Amino acid sequence: MDFVSKYQGVVGRVFGNENSGSSEDDSYVERLLDRISNGVLADDKRNALTELQAVVAESNDAQLAFGAMGFPILLNVLKEGREDVEMVRGALETLVSALSPIEFGKKSKNGVQPALMNSDLLSREVENISLLLSLLSEEDFYIRYYTLQLLTALLTNSPNRLQESILTIPRGITRLMDMLMDREVIRNEALLLLTYLTREAEEIQKIVVFEGALEKIFGIIKEEGGSEGGVVVQDCLELLNNLLRFNSSNQVLLRETLGFDSLMSILKLRGSTYKFTQQKTINLLSLLDTVNLLLHGGQQTDPGKDSNSLANKTVLVQKNMLSHLLMLGVESQWAPVAVRCMALQCIGDLVVNHPQNRDALANKALGEEHHVEPALNSLLRIILRTSSSQEFIAADYVFKSFCEKNPDGQTMLASTLIPQPHSLINAEFEEDVNMSFGSMLLHGLILSESDGDLETCCRAAGVLSHILKDNIQCKERVLKIELEAPTLTLGGPEPLLHRMTKYLALASSMSKDGKGSLTETTYLQPIILKLLILWLFECPSAVQSFLEARPHLTYLLELISSETATVCVKGLAAVLLGVCIVCHKSADGGQDAFGIIDAISQKVGLTSYLLKFDEMQKSPLFTSEKPALSRKPLTRSIGASMSDIEEVYDDENTDQRNGDHPILRMVIEPQFVDFLKGLEVKIREQIVEIYSRPKSQVAVVPSYLEQQSGEIDKEYIKRLKDFVEKQCREIQDLLSRNATLAEDLSKTGGSGSSSQLEHRISSGSDRILVETLRRDLHETSQRLEALKAEKERIEAESSEHQHSASKLESDLKSLSDAYNSIEQANFQLEREIKALKSGGAVAAPDIEEIKAEAREVAQRESEAELNDLLVCLGQEQSKVEKLSAKLAELGEDVDSLLDGIGDDVGMQGEEEDDDEQD
């Protein structure tokens with residue numbers, strides 16, 4: 001009774017106490033349920049159950065009434081009445097009807113969906129699901145069949161609950177897997193149920209694979225006839241894709257156990273290859289989706305994704321997958337466009353970042369014996385000829401994948417770019433079968449000369465951009481290509497780079513005049529601008545060639561300021577100018593980077609120019625993460641509801657008003673967007689650096705800073721000071737210019753990026769200013785250190801000379817003392833002689849003669865010493881005079897240095913003179 005009250009309570013909360021017109025249905029359902037529950041005769045119960053199933057299948061109100069009262073009664077029949085097979089069948093069929101939406105008839109007044117409510121009520125109890133799974137072991141065919149239908153209905157309406165319940169029931173998945181070995185009808189129902197179960201349930205996927213699902217899937221596909229089979233093959237492939245999608249371990253298990261031979265057998269076109277029914281198309285697309293999953297390897301976060309993807313690519317090419325894909329995508333032009341596009345996408349995924357597979361594609365030849373040509377030529381022909389934008393995008397993706405990080409392949413393709421004579425320029429496409437790859441590409445590039453159709457030219461330009469990307473050798477090689485001018489113009493050869501710029505201007509004029517269609521004018525200019533950007537990037541010679549034609553710079557400035565150009569075109573044109581600034585090589589004459597910036601500042605305005613970057617980056621085309629080739633996995637519901645399979649893959653009807661064309665999304669791919677973001681930073685930094693130095697830099701020659709011969713130190717120091725002052729004036733000029741630049745750049749962009757940009761500009765200008773000042777200060781410091789060392793040397797020599805002079809003065813003083821002592825002795829002798837004379841007692845010797853001899857001896861000795869002393873004094877005096885002049889030039893006070901020298905000697909001399917006078 002608790003079970004019944006719970007269901008009645010749910011319905012009562014929905015309907016409340018309203019009196020509805022379904023009271024008759026409610027009472028009728030109630031009477032039938034009473035007969036089933038309390039009836040005595042078995043036939044009466046069966047008849048009541050048959051009537052109940054019919055009314056529930058036709059009336060929403062009856063479904064609601066059944067949900068309120070009938071589940072406990074019928075579940076009890078399934079539990080207790082297993083012996084009565086007809087009653088069990090009827091109960092299961094009635095439950096299926098109660099869970100199946102009614103597409104016709106009167107719906108409930110309350111807007112309630114009875115099927116969803118009944119599914120929710122039945123799946124709330126795990127015991128109910130366990131009871132249903134136990135019925136799969138019954139021998140009766142219809143019991144198993146209706147049980148699978150009931151589980152499928154439950155899974156459709158309440159997938160999460162049913163998945164959780166099945167995981168908690170022992171051997172729940174095993175019982176379902178056993179149904180794949182049952183009769184065909186049961187097998188198909190079990191297969192459909194498993195496809196629903198494994199869509200997003202990873203745990204169920206693991207159990208299904210462990211139960212041998214892969215072997216059983218390929219066995220069923222083989223029985224059904226491969227891609228020629230019906231919807232069962234589609235269900236098998238959908239189940240297979242559910243098991244392989246984002247699951248590296250299941251992919252490894254398939255590769256190392258069953259291998260990929262079964263996939264190859266399905267992909268082979270059997271019977272009449274010209275007959276592609278809708279179901280066959282869906283099966284092939286599902287199989288190509290399987291190949292695509294194997295090529296990607298697993299989830300992005302899976303650490304083994306890359307290695308698993310590489311192993312899958314290697315094995316698939318070894319199994320000749322590339323030939324099958326080329327047959328389906330290139331040679332089978334009668335195949336639906338969706339199939340060809342998917343095959344081409346798989347070829348691109350197969351060769352990207354895989355050197356061996358790239359070489360295999362480069363060496364592949366297609367066609368019959370007398371019409372064999374390289375596969376790359378056939379792919380290029382598809383690009384140039386196809387009328388489907390999706391097929392062009394897919395084929396272009398193959399070339400992008402082939403050239404990605406493949407310099408050898410790029411060089412190989414570029415080596416075939418040889419201009420053809422003018423007579424072949426106007427040749428029809430039907431005559432290009434015998435052309436080389438490069439000749440065919442150049443033919444496509446210049447085809448607009450004859451009919452004015454730029455679409456083919458732009459498609460060829462897209463291929464050329466892949467060949468030139470990140471390959472300086474190819475850029476230089478293609479830069480030398482000169483095209484023969486048309487006969488009417490009577491001009492000389494024209495570089496291919498200049499011809500592409502002319503086509504850019506032609507596409508712009510088509511947009512202004514309205515000659516081109518909306519779709520063409522949307523992507524023609526971006527394709528050519530992308531080619532020019534990739535061509536000129538890191539190729540100074542290409543930049544120089546581009547700027548040699550003065551109208552090119554003028555045209556780009558006009559394109560940036562154009563009111564009719566799109567935000568994307570203005571932004572790419574600004575980037576192209578920025579590439580000319582960043583990658584320009586300084587040379588004598590011509591347009592330098594400083595001149596380009598000046599032209600931008602005068603004709604566009606630096607602030608307006610930099611705003612083009614921000615406007616482009618904020619446009620929906622750049623912020624959207626939608627890939628160029630996007631589609632949903634095929635399911636049975638999608639395949640059954642499609643009136644035409646092409647509608648699912650046709651993106652031609654996208655919103656053109658926003659410029660969201662699929663080809664434009666292909667051009668502005670995520671990798672190119674990241675490249676533009678990094679390039680924008682370099683452009684801004686280069687502008688700051690150029691504005692941070694004068695246009696004509698002062699050449700600081702080391703010899704200029706050295707002291708010249710005959711230049712005194714005072715003049716040399718003055719010249720160094722003048723040089724520093726000149727540098728300071730230039731630095732002040734740079735500061736003023738940087739302030740203006742920082743103000744302009746700080747106004748560029750939104751409020752969110754303003755502070756960051758201002759910080760970038762200020763840090764860049766400050767860094768340059770500090771480096772300049774540090775360099776000047778370092779040079780001046782070195783000169784000052786040299787002058788200080790010179791001064792110390794001169795002072796040391798002066799001190800040494802002063803010491804020598806002091807020694808000589810000391811020797812002179814000693815000589816003077818000796819002379820004085822002689823004079824005193826002589827004076828004493830004269831006094832003694834006088835005394836003797838006054839006594840007169842003894843005959844005295846000739847005193848005068850003795851004195852004369854003594855004076856003569858002393859005079860001779862003193863004269864010799866004085867001569868030597870005077871010679872030394874003369875030498876020292878000349879040195880002192882030179883040192884005094886040197887010190888005076890250095891700003892030293894010579895008098896203060898010599899003050900006090902010789903005073904003591906002078907004082908002693910005066911004292912001696914006084915003594916002699918006394």
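Here the structure is a predicted model, which means the values were calculated and not measured.

Caption draft 1: Up close: the overall build of the chain. Scanning the chain for helices and strands turns up 47 helices and four strands. When the 918 residues of the chain are sorted by exposure, 48% land in the buried category. Put simply, of all contacts in the chain between residues at least 6 apart along the chain, 74% involve residues at least 24 apart.

Caption draft 2: View of the packing of aromatic side chains. The tally for this structure, following the rule as stated, stands at nine aromatic pairs. Feature note: the residues Phe141, Tyr142, Tyr145 and Tyr146 constitute an aromatic cluster, connected by ring pairs. Above the ring of Phe392, the side-chain terminus of Arg459 is found at 4.8 Å from the ring centroid. Here Lys530 stacks its cationic end above the ring of Phe672, 5.0 Å away from the centre of that ring.

Caption draft 3: Seen up close, helix H14 (residues 231-244). For H14, built from 14 residues, the straight-helix expectation of 20 Å at 1.5 Å per residue is met to within 8% by its first-to-last C-alpha distance of 20 Å. Residue Phe246 follows H14 closely and has a positive phi angle near 55°.

Caption draft 4: Structural context of the side chain of Gln686. On the secondary structure map, Gln686 appears in helix H41 (residues 670-691). Other than its neighbours up to four places away in sequence, Gln686 contacts Ile581 and Val582.

Caption draft 5: Representation of the packing of helix H19 (residues 321-331) against helix H20 (residues 337-351). As a packed pair, H19 and H20 sit with axes 8 Å apart at the nearest point and diverge in direction by 145°. Handedness of the H19/H20 crossing: left-handed. Counted together, Met321, Leu322, Leu325, Leu326, Leu328, Gly329 and Val330 of H19 and Val339, Arg340, Ala343, Leu344, Cys346, Ile347 and Leu350 of H20 form the full contact between these two elements. By residue class, the composition of the contact of H19 with H20 is twelve nonpolar, one polar and one charged.

Caption draft 6: Representation of helix H34 (residues 567-582) within the structure. Its 16 residues place the ends of H34 22 Å apart at the C-alpha level, agreeing with the 22 Å of an ideal helix rising 1.5 Å per residue. Across the 16 residues that make up H34, a large majority, 14, are buried.

Caption draft 7: Highlighting the packing of helix H21 (residues 355-362) against helix H23 (residues 389-403). At their nearest, the axes of H21 and H23 sit 10 Å apart, and the two run at 125° to each other. Taken together, H21 and H23 sit at an angle that is classed as oblique. In this structure, the crossing between H21 and H23 has a hand that is left-handed. Of H23, the residues touching H21 (which contributes Arg358, Leu361 and Ala362) are Val398, Ser401 and Phe402. For the contact of H21 with H23, the residue count by class is four nonpolar, one polar and one charged.

Caption draft 8: Here's a closer look at the environment of Ala414. Along the chain, Ala414 falls in helix H24 (residues 407-414). With relative accessibility at 1%, the residue Ala414 sits in the buried group. Taking the C-alpha atoms as reference points, Ala414 and Gln473, separated by 59 residues in sequence, lie 9.4 Å from one another.

Caption draft 9: Representation of the state of the cysteines in the model. Scanning the model with the defined rule gives zero disulfides in all. We note that Cys457 lacks a disulfide partner, and the nearest cysteine sulfur, in Cys458, lies 5.2 Å from it. Look at Cys458 and you get buried, because its relative accessible area is 0%.

Caption draft 10: Looking closely at the side chain of Gln617. Turning to its location among the elements, Gln617 is positioned in helix H36 (residues 606-618). In this structure Gln617 touches Phe622, Thr623, Val673, Leu676, Lys677 and Glu680, once residues within four positions along its chain are discounted.

Caption draft 11: Representation of a nonpolar patch on the surface in the model. A cluster of nonpolar side chains, namely Leu812, Leu866, Leu870 and Leu873, defines an oily patch on the protein surface of about 310 Å² accessible area. On the secondary structure map, Leu873 appears in helix H45 (residues 847-889). With relative accessibility at 32%, the residue Leu873 sits in the partly exposed group.

Caption draft 12: Just the pattern of salt bridges, in detail. Taken as a whole, this structure holds 26 salt bridges when the rule is applied. Here Arg245 makes a salt bridge to Asp289, at a shortest N to O gap of 3.5 Å. Placement of the pair is Arg245 in the loop between H14 and helix H15 (248-258) and Asp289 in helix H17 (residues 278-296), with a sequence separation of 44 residues. No difference in accessibility class separates Arg245 from Asp289, as the two residues are buried.

Caption draft 13: Region of the structure containing unusual backbone geometry. Positive phi is not limited to glycine here, since Arg171 has a value of about 60°. Checked against the element boundaries, Arg171 lands in the loop between helix H9 (159-168) and helix H10 (172-178). Not every positive phi belongs to a glycine, and Asp470 is a case in point at roughly 55°.

Caption draft 14: Highlighting the environment of Leu883. As for its position among the elements, Leu883 is in helix H45. Separated by 86 residues in sequence, Leu883 and Glu797 place their C-alpha atoms 8.3 Å apart. When residues no more than four places from it in sequence are discounted, the contact partners of Leu883 are Ile794, Glu797, Ser798 and His801.

Caption draft 15: Layout of the confidence of the model for the chain. Residues of the chain with pLDDT of at least 70 account for 77%, and the chain-wide mean is 79. pLDDT under 50 marks residues 1-21. Its contacts with residues more than four places away, or in other chains, come to 28 contacts. For the stretch residues 749-765, pLDDT sits under 50, and the model shows 16 contacts to residues farther than four places along the chain or on other chains.

Caption draft 16: Geometry of the environment of Ser798. The residue Ser798 is located in helix H44 (residues 751-839) in this model. Sequence-wise, Ser798 and Lys882 are 84 residues apart; in three dimensions their C-alpha atoms are separated by 9.8 Å. The residues touching Ser798, leaving out its near neighbours within four places in the chain, are Leu883 and Leu887.

Definitions and limits used
As a convention, each chain's residues are numbered from 1 in the sequence order in which they are written. Thresholds applied to this predicted model are a pLDDT of at least 70 for local features of residues and 80 or more for the giving and counting of side-chain atom pairs; totals over whole chains, interfaces and linings are not thresholded and use all residues. With hydrogens and water excluded, all non-hydrogen atoms of the structure serve as input to the side-chain values. Where helices and strands are cited, they refer to DSSP runs of H or I of at least four residues and of E of at least two residues respectively, numbered from the N terminus. Under the scheme applied here, a residue whose accessible area is under 20% of the maximum for its type counts as buried, over 50% as exposed, and between as partly exposed, the area being computed with a 1.4 Å probe on protein chains only. Contacts: residue pairs with any heavy atoms within 4.5 Å of one another. Side-chain rings of Phe, Tyr and Trp (the six-membered ring for Trp) are treated as a pair once their centres are within 6.5 Å; stacked means planes under 30 degrees apart, edge-to-face means over 60, and tilted covers the remaining angles. Here, a charge over a ring means that NZ of Lys or CZ of Arg falls within 6 Å of the ring centre while also lying within 35 degrees of the ring normal. Multiplying 1.5 Å by the residue count of a helix minus one yields the expected span of that helix. All axes here are fitted lines through C-alpha atoms, helices being fitted over the stretch that makes contact, and every angle between N-to-C directions spans 0 to 180 degrees. For any helix crossing, the convention is left-handed if the near helix is rotated counterclockwise from the far helix by under a right angle, and right-handed if that rotation is clockwise. Residue classes follow a fixed rule: Ala, Val, Leu, Ile, Met, Phe, Trp, Tyr, Cys and Pro count as nonpolar, while Asp, Glu, Lys and Arg count as charged, and any other residue, Gly among them, counts as polar. What sets the label is the angle itself: under 35 degrees gives roughly parallel, over 145 gives roughly antiparallel, 65 to 115 gives roughly perpendicular, and the rest give oblique. Disulfides are defined as pairs of cysteine sulfur atoms found within 2.5 Å of each other. A residue counts toward a patch only above 30% relative accessible area and without a salt bridge, and it is joined to like-charged neighbours within 9 Å or, for Val, Leu, Ile, Met, Phe, Trp and Tyr, to nonpolar neighbours within 5 Å. Accessible areas in this description were obtained via Shrake-Rupley with a 1.4 Å probe; residue shielding takes into account the shown protein chains only. Each reported salt bridge corresponds to a side-chain nitrogen of Lys or Arg within 4 Å of a carboxyl oxygen of Asp or Glu. Predictor confidence is given residue by residue as pLDDT, running from a minimum of 0 to a maximum of 100.

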